[in-house]
Structure formats: structure tokens, C-alpha cells
Amino acid sequence: MLRLALPSDGEMADPTTHFLHSCGLSVERPNARRYTAAIPALPGVTVLFQRSGDITSKVDEGSADAGIVGLDRYYEYRVEGGDAIVLMEDLGFSRCELVVAMPDAWMDVTSMADLIDLSAELREKGRDLRVATKYPRLVQRYFYQKGLNYFTVVKASGAMEVAPAMGYADIIADISASGTTLRENRLKTIEDGTVIRSQACLIANRKLLRRDPAKLDTAKRVLEMIEARMRATGYYSIEANIKGPSPEAVARQVCESPELAGLQGPTVAPVYSKEGEKGWYSVTVVVEHERLLDTVEHLRHAGAMSLTVTPASYVFGGECQAYRGLLDELKREGPPR
């Protein structure tokens, strides 16, 4: 049984279950107080609802086999050289940035270079620049990379936008999706002050997957469904009836514009007319949204009748790229122990 940890709180909780539902992996949870659930479409999966900030450590320590978490929290809480690895880095939702912000009144500070100068001035006066954050690991690393060496991290959580006004920190480094909360609290960001751009990602414990073929197979099914659904976003399937001397001739006509002939080319099949008329073929192509109208027009020129368009639900490639990446990762570590 694959244990999949999902956020039980915060801004990722609802988007995560909505995302899985869109992938055909609806989570069935009896009630909000129950912290386990099932995915009926995948009987081999048990869902464990966990606090967003705990999911990385649960996967790392092996209490969960896989999980969906913000990329920022993964990099903040993972064990260096541990067993938690990223299977899919961008699931396409919960986008945000970890940014450095400071009071609007700091008119002369507009870049990290200015902040470095300010920290040096404060150091000469006998104290360090104080930064409030719940991401000390990421912020320290970022500041050192930028050459900002004189600072003190003040660990904080929740409503840290008021930290400069309250006086327990000079600046903050916090998650921002739109910047509205920062502006409402008279804080500003600076150029090159983005520590990390984040979004929801899928992680897993490589050691547990290597040891258990059944879990690895279930993980593959999860990856297949998510990857195919994400790949289908923005694609449409167009079906039309075209008359021609043969299926090959119809296919050649459609392929005269290769970019409008589908992902691999058109599917052509005979239409058995109710009136007994022969020579009609059903043509199906899958194209990107940007090429939808051009493709419709192209098929019309080929004599298409009765065009119908439906959004693609899943687009499966020759192989699941995320699963291939997982196998490569496991292979690098040698045989299972």
C-alpha cells in the first residue's frame, strides 16, 4: 500500500485535492476530522493528511512513501543527502515566491547590493541586520550566496509582516503570491530579492520505493495519471468527416500542413454511411489550443464536414517521463538493500 501524504491545512489543502480530482484521482475522505482517506481509482493508495510543514520530514523519515508539498518547504525541511526526492517539480498550482521585503521608508535600498551595504553600516554600529523568517535555511543560504554576511535570523511564523513595525526584526523573508499583503503592511520587495520560486511538487522516499515493487508500481500509476493529465492541458481533439478516394489519400491531404495534422498525425477510419454512401472517412487530430482554429480551417479546406471539438482529458506519451526519471534515480544507487 502506497502511503501518500497530502496537506491538511494552509493554502495548499483544497487545491491539492482539486488537482488530484482533475487527474482522475479523487480523494474519498469520510469527514474533515478523519486524517486518512482513499483514492478509489487507485486501490493501492492510502492518503494521510498531514500539516504542510511536516510532509517533507514524514517522507524523509519513511512515515509516508510519497507526498505533495510546496517546493519551498521541500528545500527548507529536507535532510541533506536524505531519502526524500522530487518526482515532479511543478504540478502547476500553488505558485508563490519566497521574497525579501523591507519597509517602504527605506528609499535608498532597492537591491541586494544596497542591503549588503546597509548590513555593513549596521555592523559598524555594533549590530547585525535582523531578518524574520520561517525559512532560515533557505534565507541563510541565499544571503551567503549574494555576499550578505552580517545578519541575524529571527525565527518567526505567522503575521511576520508586522515584525519591522513591532521592532523585533528589520526586514522579513516570507512567502508572497501577489504582494498584496506586503503592500498593505507598507513593505516592499527589491530587485534580485527572490529567494526561491515555488509551486506544488510531488516527492517520494526512494529507499522505500526501491524495496517494495508493489509500491513502485503504484507510484508509476500515480505518475502516469498526473503526467498525462498535465500534458493534456491546452490540447483539443478534433473529429471531422472527410470524403476521399482512400484513407491514405485523406491522410496525405490532412498532412499537407504537418503542424496542423495532430501530435503524430491524423487517425483515419471509414465511416459507414446510413445512406450507403461510400468514400467518407472519420479523421481525428489532437492539437494545441493555439492551433485550434487554424486546424479547423485546414480541415474545412480538405472538405471536412460535421467537425466536433472536445478538450483532451489525458495525453499519454510513449513512456512516462517522470517514472523514467524515478527509475534512473533508483538505478544510480545500485541494487536494493
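Below: a short report on this structure. (Residues numbered from 1 in each chain as written. Predicted model: local features only at pLDDT ≥ 70, side-chain atom pairs only at ≥ 80, totals over all residues. Heavy atoms only, no water.)

Some thoughts on the overall build of the protein chain
Helices and strands together make up the secondary structure of the protein chain, namely 12 helices and 15 strands. Along the first, second and third principal axes, the C-alpha atoms of the protein chain reach 95 × 50 × 40 Å. When the 337 residues of the protein chain are sorted by exposure, 44% land in the buried category. Taking contacts inside the protein chain between residues at least 6 apart in sequence as the whole, the part at least 24 apart equals 73%. With an accessible surface of roughly 17600 Å², the protein chain has 49% of that area assigned to carbon and sulfur atoms. Distance between charge centroids for the protein chain: 6 Å, based on 41 positive and 46 negative side chains. (Helix = DSSP H or I, 4+ residues; strand = E, 2+ residues; numbered from the N terminus. Buried < 20%, exposed > 50% of the residue type's maximum accessible area, 1.4 Å probe, protein only. Contact = heavy atoms within 4.5 Å. Areas by Shrake-Rupley, 256 points an atom, 1.4 Å probe, with all protein chains shown as cover. Lys, Arg positive; Asp, Glu negative; His and termini not counted. Charge placed at Lys NZ, Arg CZ, Asp CG, Glu CD.)

Side note on the nonpolar core
Judged by nonpolar contacts, the single largest core of 35 residues is most densely connected at Ile68, Leu91, Leu202, Leu223, Ile226 and Leu326. Contributions of two or more residues to this core are made by strand E1 (2–7), helix H1 (13–22), strand E3 (45–50), strand E4 (66–70), strand E5 (84–88), strand E11 (200–205), helix H9 (213–232) and helix H12 (321–332). Counting residues per element, this core draws most heavily on H9, at 5 residues. Residues contacting Ile226, with those up to four places away along its chain left out, are Phe19, Leu20, Cys23, Leu25, Met88, Leu91 and Leu202. Ranked by size, the runner-up nonpolar core spans 22 residues in total, among them Leu98, Leu122, Ile171 and Ala173. (Core = buried A, V, L, I, M, F, W, Y, C linked by side-chain atoms within 4.5 Å.)

Describing unusual backbone geometry
Although it is not a glycine, Ser94 adopts a positive phi angle of roughly 55°. Tracing the backbone shows Ser94 in the loop between E5 and strand E6 (96–103). The exposure class of Ser94 is partly exposed, given its relative accessible area of 23%. We note that Ser306 has phi near 50°; this positive angle belongs to a residue other than glycine. Here Ser306 lies in strand E15 (residues 305–311).

Here we look at the sheet that holds E11
One open sheet accounts for 6 strands, arranged E2-E3-E1-E4-E11-E5; its pairing is mixed. Two strands in the sheet have a free side with no partner beyond their single neighbour: strand E2 (36–38) and E5. Along the sheet, successive strands turn relative to each other by an average axial angle of 35°, direction set aside. Two strands pair when backbone bridges link them, and E4 and E11 are joined in this way by 5 bridges, in the antiparallel orientation. By the bridge assignment, Gly67 is partnered in E11 with Ile203. Packed onto the sheet, H1 meets E1, E3 and E4 and runs at close to 135° relative to E1. (Pairing = 2+ DSSP bridges. Axes fitted to C-alpha atoms, helices over the stretch in contact; angles between N-to-C directions.)

Let's talk about the pairing of E11
Counting buried positions over the 6 residues of E11 gives 6, a clear majority of the element. Neither face of E11 is left uncovered, since the one carrying Ala200, Leu202 and Ala204 and the one carrying Cys201, Ile203 and Asn205 both have all their residues buried. Here E5 runs beside E11; their pairing, made up of 4 bridges, is antiparallel. Within the sheet, the bridge partner assigned to Val86 lies in E11 and is Ile203.

With respect to H12
For H12, spanning 12 residues, the distance from its first C-alpha to its last is 17 Å, which sits close to the expected 16 Å at 1.5 Å a residue. Three or more residues of H12 are buried, namely Ala322, Tyr323, Leu326, Glu329 and Leu330. Taken end-on, H12 shows its buried residues confined to a sector of 120°, consistent with a single buried face. In H12, the exposed positions that point more than 90 degrees away from the buried face belong to Lys331 and Arg332. (Expected span 1.5 Å × (residues − 1). Arc of directions from axis to C-beta.)

With respect to the pattern of salt bridges
Counted by the stated rule, this structure contains 21 salt bridges. Between Glu329 and Arg206 there is a salt bridge; the shortest N-O distance is 2.7 Å. In this pair, Glu329 is assigned in helix H12 and Arg206 in helix H8 (residues 206–211), connecting sequence segments 123 residues apart. As far as the burial class goes, Glu329 and Arg206 line up, both buried. (Salt bridge = Lys/Arg side-chain N within 4 Å of Asp/Glu carboxyl O.)

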